[in-house]
2 protein chains.
Amino acid sequence: VTTLPAGFGCHVANVGVKDSTDDLLVIAATDGPVAAAGMFTQSRFVGPSVTISREHVQDGRAQAMVVVSKNANVATGPDGVADARAIVEGVASRLGCSSSDVLIASTGVIGRRYPIERILAGVTAVPSRPAATEAEAAARAMMTTDTVPKVASASIGDGPARVVGLAKGVGMIEPDMATMITVLLTDAAVSAAELDERFRRVVERTFNCLSIDTDTSTSDTAIAMASGAAGSVDGEELEAALGAAAELLVKQIARDGEGSETLIEVVVDGARDRTQAKRVAKSIVNSPLVKTAVHGADPNWGRVAMAVGKCQDDTDIDQEQVVIRFGDREVYPTAVDEAELGEISRYLAGDEVRIHVTLGTGDAACTVWGCDLTDGYIRINADYTT
Amino acid sequence: VTTLPAGFGCHVANVGVKDSTDDLLVIAATDGPVAAAGMFTQSRFVGPSVTISREHVQDGRAQAMVVVSKNANVATGPDGVADARAIVEGVASRLGCSSSDVLIASTGVIGRRYPIERILAGVTAVPSRPAATEAEAAARAMMTTDTVPKVASASIGDGPARVVGLAKGVGMIEPDMATMITVLLTDAAVSAAELDERFRRVVERTFNCLSIDTDTSTSDTAIAMASGAAGSVDGEELEAALGAAAELLVKQIARDGEGSETLIEVVVDGARDRTQAKRVAKSIVNSPLVKTAVHGADPNWGRVAMAVGKCQDDTDIDQEQVVIRFGDREVYPTAVDEAELGEISRYLAGDEVRIHVTLGTGDAACTVWGCDLTDGYIRINADYTT
């Protein structure tokens, strides 16, 4: 069991959003508002949760975050906005804080109103000082179709300050500015401005490098909150710990991607700049032909070549200079024989696969994460109707 | 049976590229070089077929096109270039024309050399004046994993001049400048410059609006040839006939997409400009969540809203102004009741589905085509290894 960092408590409950599993989570800073930073989806169809949280986190402080799961409250019109505001105000009233210090996030089905009476009734049971500290229970309350709760923790330097991260999300995941819902909590003392700057860098190289299915959620929300309860820390060590927790969460999300059986890590190096490396890496990790080849343990590197090749605006990429590897084994341009293909196939049948491409256009690199494409993905999204 | 337009003949044979089905096609203009135009993949991993054809069509004339199927001859190094040149020279020698008037296209597995001796032996059997005229047999010789040959024809105005189009392709299809392999033949008399201009416009609104799986082939080749045997025609009528044939081929390709059970047509109108309309339409037709919802006949319009929303740079899109329809039935913002959802579900279970989105940002429109995402796609690309 992972406990929340010092200075935070939570409340978890089932309020009947959809079924009898936990669907309401309130994470609260114990002693009033703390430094906070947020990053959100850039979707043109954002829901009111994102709109409200974006507004409330702008001043770099927050006291609590509410998560409602199993209904996204997106494309629900003015009623949906009123519902979200009522929940935020209800929680603020229970905690005795300003509603502008309460953030909200929500995921699940799009276009359906909350069962708002049930949720507001549930909110009246939120304690004035939430005292539960089990991170796994909190993460479980955020789940929609996730099969496992996603929790990661990291010490800052030698401690005692820590970072604890929670996340949810299995589909509709190609974050642009943030991922589904994730919250990174730390008991380190850090200014809001520094937290914001370090958090953005971390999200850019972790959550923004994740794609399950190329579909960008309407509800993506990433929040960082720092209680300060463990005192001040070295900034670089804080960023390293935030990054370590975020990377662990990203890998958990990729592993639990809808229908996923294999975590795919794509490393592109020898690139002109990081932007090029990321574009090529995303092209590979998002290619349904690459994803199905990994699923079938088929050492068909031609599909990786195709995915590199379709980055058509990268006219400096010369196929004669590109090197493709599965794991540590080069498959292009050095030809592999049948025996080696068999070994590579066995490697691809593992539960974590690395595709490594060197472009030969420079020195920059980027790592991205995704998963294979399986009949399980089709079953989850087609055969099971909403 | 569709016959080729006047002035063209073809030769079809099995030369043993992979199995015993036809794998070599030579289409030849009967009376020497004719007006020709070509559009090709922009992939950074193009094969020598594309490189050679791009060079040979540049002067706006060609006498013949060779298609080798079931092996793409891509990422095969200098040997692959020599192989392609040898085939082109062999065909030119049989036809008694300059090798610079012979085009070549090839699709199939990437990264494997041709069985070049067998192909060159087969080329020696090409008649000096190919006389076969059955378009379906020609299209069948181009197939790799296609399940049906793709042929379309259209009269130019009241005739007698015609356009006959052939195409192949079921996967790795999101053409950018052209699609897999397609050839449009006409017996109309038209200058190379006019043919080129009209052909480019037609390809832009047909093949370039098609996506099976977001993966762009290394081998895309679209060729137009005009024999002139039927005399001169009205230019607009020629373009209309080229467009009609191309659109029929595009729909056949989408229907035969790997694992495809449903043709999806996405119409986006009320857009700022055609570029915006196309970007949003492609976002919808490429969304795996939309594709699986159609497969499952799930009237989950929230996924269409998501796909519109993820066009994040289109900041003029206002979710309050967007209208979403399945077929002719509005599903957003006007709410639909359970009975209507049942009707929409039955509509989505049909073999052709239209998703119609009005953006409310202007007057421009674009139509694109794709297909659903099924367990058949996974089986074809994962369970069946190369």
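Refer to the structure above for everything that follows.
Each chain has its residues counted from 1, running along the sequence as written. Note on labels: chains are lettered from A, ligands numbered from 1, in written order. Only residues with pLDDT of 70 or above have their local features reported here, since the model is predicted, and side-chain atom pairs are shown and tallied only from 80 upward, although totals for entire chains, interfaces and linings are computed over all residues. No hydrogens and no water enter the side-chain calculation; it runs on all heavy atoms of the structure.

### Quick word on the packing of helix 7 (residues 274–286) of chain A against helix 9 (residues 301–309) of chain A
Residue and element names in this part refer to chain A. Each axis is a line fitted through C-alpha atoms, taken for helices only over the stretch in contact, and angles between the N-to-C directions span 0 to 180 degrees. Helix and strand definitions follow DSSP, with helices as H or I runs of at least four residues and strands as E runs of at least two, each counted in order from the N terminus. In contact at an axis separation of 8 Å, helix 7 and helix 9 are set at 135° when each is read in the N-to-C sense. Put simply, helix 7 runs oblique to helix 9. Handedness of the helix 7/helix 9 crossing: right-handed. Residues Val 280, Ser 283 and Ile 284 of helix 7 pack against Val 304, Ala 307 and Val 308 of helix 9. Three categories are distinguished: nonpolar for Ala, Val, Leu, Ile, Met, Phe, Trp, Tyr, Cys and Pro, charged for Asp, Glu, Lys and Arg, and polar for the others, with Gly belonging to the last. Across the contact of helix 7 with helix 9, the residue classes break down as 5 nonpolar, 1 polar and no charged. Roughly parallel means an angle under 35 degrees; roughly antiparallel, over 145; roughly perpendicular, 65 to 115; everything else is oblique. Helix crossings get a hand from a simple test, with the near helix turned counterclockwise from the far one by less than a right angle marking a left-handed crossing and a clockwise turn marking a right-handed one. In what follows, residue pairs with any heavy atoms lying within 4.5 Å of each other are defined as contacts.

### Concerning the pattern of salt bridges
Any carboxyl oxygen of Asp or Glu that lies within 4 Å of a side-chain nitrogen of Lys or Arg is treated as forming a salt bridge with it. Inspection of the entire model under this criterion finds 56 salt bridges over all chains. The partner of B:Glu236 in a salt bridge is B:Arg198, and the shortest N-O contact between them spans 3.4 Å. Here B:Glu236, found in helix 6 (residues 235–255), pairs with B:Arg198, found in helix 5 (residues 192–205); they are 38 residues apart in sequence, far enough to count as distant. Each residue is placed in one exposure class: buried if its accessible area under a 1.4 Å probe, protein chains only, is under 20% of its type's maximum, exposed if it is over 50%, and partly exposed if it falls in between. On the accessibility criterion, B:Glu236 (53% relative accessible area) is exposed. When the shortest N-O distance is used, the salt bridge between B:Glu239 and B:Arg201 registers 2.8 Å. Of this pair, B:Glu239 sits in helix 6 while B:Arg201 sits in helix 5, and the two are 38 residues apart along the sequence. Using a relative accessible area of 14% as the deciding quantity, one classes B:Glu239 as buried. Here the salt bridges do not stand alone but share partners, grouping A:Glu194, A:Glu197, A:Arg198, A:Arg201, A:Glu236 and A:Glu239 into one network.

### Topic: the sheet that holds strand 14 (residues 352–358) of chain B
Residues and elements named next belong to chain B. Pairing in this open sheet of 5 strands is mixed, and the strands run 13-12-14-11-15 from one edge to the other. Taken across any chain shown, the strands that pair with only one partner, and hence form the sheet edges, are strand 13 (329–332) and strand 15 (364–371). Put simply, the sheet's adjacent strands are angled 25° from each other on average, direction ignored. Criterion used throughout: strands pair if DSSP finds at least two bridges between them. Here strand 12 (residues 323–326) pairs with strand 13 via 3 bridges, running antiparallel. Counted as the bridge partner of Arg 325 is Glu 330 from strand 13. Across the sheet, helix 7 (residues 274–286) lies against strand 11 (263–271), strand 14 and strand 15, angled at about 25° from strand 15, the strand it touches most.

### Quick notes on the relation of the copies chain A and chain B
Least-squares superposition of the copies uses the C-alpha atoms of those residues scoring a pLDDT of at least 70 in each of them. Least-squares fitting of chain A to chain B yields an RMSD of 0.0 Å, with the superposition described by an axial translation of 0.0 Å and a rotation of 180°. The operation mapping one copy onto its partner corresponds to a two-fold rotation axis. The rotation axis passes nearest to the C-alpha of A:Asp375 in chain A, at a distance of 2.6 Å. Comparing interface residues between copies, 100% of those in chain A also lie at the interface in chain B; the contact surface is shared.

### Quick notes on the interface of chain A and chain B
With 51 residues of chain A in contact, the opposing surface of chain B contributes 51 residues. With both sides pooled, the region where chain A packs onto chain B buries about 4,500 Å², and carbon together with sulfur makes up 59% of that total. Buried area is a sum: the accessible area each of two parts loses on coming together, probed at 1.4 Å, counted once for each and added. When the buried surface of chain A facing chain B is broken down by residue, A:Arg44, A:Phe45 and A:Gln312 rank first, second and third, together holding 18% of it. Scanning the region where chain A abuts chain B turns up 0 salt bridges. Considering every element that reaches the side of chain A that touches chain B, the biggest residue donor is helix 9 of chain A, with 7 residues. Tallied by class, the residues present in the side of chain A that touches chain B amount to 20 nonpolar, 20 polar and 11 charged.

### Concerning the nonpolar core
Buried Ala, Val, Leu, Ile, Met, Phe, Trp, Tyr and Cys residues that are joined via side-chain atoms within 4.5 Å together make up what is termed a nonpolar core. Ranked by size, the top nonpolar core spans 160 residues in total, and within it A:Ile284, A:Ile355, A:Val357, B:Ile284, B:Ile355 and B:Val357 carry the most contacts. With near-sequence residues (within four places) excluded, B:Ile284 lies in contact with B:Val266, B:Val268, B:Val290, B:Val304, B:Ala307, B:Val308, B:Ile355 and B:Val357.

### Here's the deal with unusual backbone geometry
Residues and elements named next belong to chain B. The step from Gly 159 to Pro 160 runs through a cis peptide bond, and the omega angle for that step is 5°. Among the structural elements, Pro 160 can be located in the loop between strand 7 (150–155) and strand 8 (162–168). Residue Asn 73 is not a glycine yet carries a positive backbone phi of 50°. Within the secondary structure, Asn 73 is located in the loop between strand 5 (64–71) and helix 2 (77–95). For Asn 73, a relative accessible area of 0% gives the class buried.

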